[in-house]
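Take a look at the letters that make up each chain.
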Amino acid sequence: MSNPTILEQIALKRSAHRREEQQLVSSLTGGRRSVPVLPFFAEPGLICEIKRASPSRGAIIPQGEDISTIFQQYCSSGAHRFSVLTESSYFKGSCSDLFRLKQEHPHLPMLRKDFLCTLEDIRESYFIGADAVLLIAALLDDRQLGDLTSAARQLGMEVLSEVHDEEELRRVLALPVLPDALGINARDL
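Described below are features of the structure shown in this document. What you see is a predicted model; the values in this text were computed from it and never measured. Every chain is numbered on its own, with residues counted from 1 as its sequence reads. A pLDDT threshold of at least 70 governs which residues receive local features in this predicted model, and a stricter bar of 80 or more applies before side-chain atom pairs are shown or counted, although totals over entire chains, interfaces and linings include all residues. The basis for every side-chain value is the complete set of heavy atoms in the structure, and neither hydrogens nor water enter the calculation.

1. Looking at helix α5 (residues 119–128)
Categorising residues by exposure relies on relative accessible area from a 1.4 Å probe, with only protein chains included: less than 20% of the type maximum marks a residue as buried, more than 50% marks it as exposed, and the intermediate range marks it as partly exposed. For the purposes of this entry, the term helix denotes a DSSP run of H or I that reaches at least four residues, the term strand denotes a run of E that reaches at least two, and both are numbered from the N terminus. Looking at α5, one finds that the buried residues are Asp 121, Ile 122, Glu 124, Ser 125, Phe 127 and Ile 128. The contact definition used throughout considers only heavy atoms, calling two residues in contact when any of these lie within 4.5 Å. The secondary structure elements touched by the buried residues of α5 are α1 (6–16), α2 (18–29), α4 (95–104), β5 (110–113), β6 (132–136) and α6 (142–154). A positive phi of about 110 degrees marks Gly 129, the residue just after α5.

2. Considering the nonpolar core
Ranked by internal contacts, the top residues of the largest apolar core, which has 48 residues, are Ile 122 and Leu 135. Contact partners of Leu 135, with chain neighbours within four places excluded, come to Leu 116, Ile 122, Leu 140, Leu 145, Leu 148, Thr 149, Val 159, Leu 160, Ser 161 and Glu 162. Buried Ala, Val, Leu, Ile, Met, Phe, Trp, Tyr and Cys residues form a nonpolar core when they are joined through side-chain atoms within 4.5 Å.

3. So, the pattern of salt bridges
Salt-bridge detection follows one rule: a side-chain nitrogen of Lys or Arg within 4 Å of a carboxyl oxygen of Asp or Glu. Here the structure, examined in full by the defined rule, presents 21 salt bridges. Residue Arg 100 pairs with Asp 66 through a salt bridge whose shortest N-O separation is 2.8 Å. With Arg 100 in helix α4 and Asp 66 in the loop between β3 (58–59) and α3 (67–76), this residue pair connects regions lying 34 residues apart in the sequence. A relative accessible area of 28% means that Arg 100 is categorised as partly exposed. Of the charged contacts, one joins Glu 167 and Arg 170 as a salt bridge, the two residues approaching to 3.4 Å between their closest N and O atoms. With Glu 167 and Arg 170 both in helix α7 (residues 166–173), this residue pair falls three residues apart, about one helical turn. Since its relative accessible area comes to 43%, Glu 167 is described here as partly exposed. Overlapping salt bridges bring together Arg 14, Arg 18, Glu 21, Arg 112, Asp 114, Asp 121 and Glu 124 as one network.

4. Some thoughts on the packing of α3 against α4
Where α3 meets α4, the closest approach of the two axes is 11 Å, and the angle between their N-to-C directions is 50 degrees. On the basis of their axis angle, the class for α3 and α4 is oblique. Here α3 runs over α4; the crossing is right-handed. Contacts from Ile 67, Ser 68 and Phe 71 in α3 reach Asp 97, Arg 100, Leu 101 and Glu 104 in α4. Side-chain classes are defined by residue name, with Ala, Val, Leu, Ile, Met, Phe, Trp, Tyr, Cys and Pro counting as nonpolar, Asp, Glu, Lys and Arg as charged, and the others, Gly among them, as polar. A breakdown of the residues in the contact of α3 with α4 according to their chemical character gives three nonpolar, one polar and three charged. All axes are obtained by fitting lines to C-alpha atoms, using only the stretch in contact for helices, and the reported angles, taken between N-to-C directions, cover 0 to 180 degrees. Roughly parallel means an angle under 35 degrees; roughly antiparallel, over 145; roughly perpendicular, 65 to 115; everything else is oblique. The sense of a crossing depends on the near helix, which, turned anticlockwise from the far helix by less than a right angle, makes the crossing left-handed and, turned clockwise, makes it right-handed.

5. Observations concerning a nonpolar patch on the surface
A cluster of nonpolar side chains, namely Leu 173, Leu 178 and Leu 182, defines an oily patch on the protein surface of about 260 Å² accessible area. Note that Leu 182 resides in strand β8 (residues 181–184). Only residues whose relative accessible area exceeds 30% and that take part in no salt bridge are eligible for patches, with like-charged residues grouped when within 9 Å of each other and nonpolar side chains (Val, Leu, Ile, Met, Phe, Trp, Tyr) grouped when within 5 Å. The protein chains shown are the only cover counted for residues, whose accessible areas, like all others here, come from Shrake-Rupley with a 1.4 Å probe.

6. A look at the sheet that holds β8
Paired strands, as defined in this entry, are two strands with at least two bridges between them according to DSSP. Ordered in space as β1-β4-β5-β6-β7-β8, the six strands form an open sheet in which the pairing is parallel. The outermost strands of the open sheet, each flanked by one partner alone, are β1 (48–50) and β8. Strand-to-strand twist in this sheet, taken as the mean axis angle between neighbours without regard to direction, amounts to 25 degrees. With two bridges joining them, β5 and β6 adopt parallel strand pairing. Within β6, the residue paired with Arg 112 across the bridge is Val 133.

7. Thoughts on the pairing of strand β4 (residues 82–85)
Regular strands place their side chains on alternate faces of the sheet. Going residue by residue along β4, you find Phe 82 and Val 84 tucked away on one face and Ser 83 and Leu 85 tucked away on the opposite face as well. In this sheet, β5 lies alongside β4 in parallel orientation, the contact comprising four bridges. Its bridge partner lying in β5, Val 84 is registered against Arg 112. Crossovers are described as right-handed under a simple rule: with the strands pointing away from the observer, the path leading from the first strand over the helix to the second runs clockwise. Handedness of the crossover joining β4 and β5 through α4 is recorded here as right-handed.

Structural data, given as structure tokens:
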């Protein structure tokens, strides 16, 4: 048996913390969405990322610094679309980050960037205010990619599919329901 890749390790760790995440989302949202869904990819432009840490770099936002400060700096520089990393173990994010930013800025489109693998992940993304979700082809088989893309669309959200190589690109382009955008990530965590 081979060692799991860093993507697989992150997904496994995230899976181990599912119950806590479900409880957090339920306490934040009461199982409903309180803001309208906005188009995420309607206009070309930058997507600014809110990321507290990364496995390769460590802390990006100093401990104790409020993400609202960085968010406001992005806004004052003209940004109008945001990717919020919600994975807690490796990236130190939280569903509460996206939820709070969306509550404070319901007129700005938000993408949930995480290692989403289940239909429940898609529903929770909707409840916390995501207008779009990231689906990583390397983590999902073709059925999962199609099912999660369809589920996001049924809730009015858009989908960014991330691919790492030509084979993953072919898989995504062969889906019965295509994503709204493709991202190519050539970087290995």
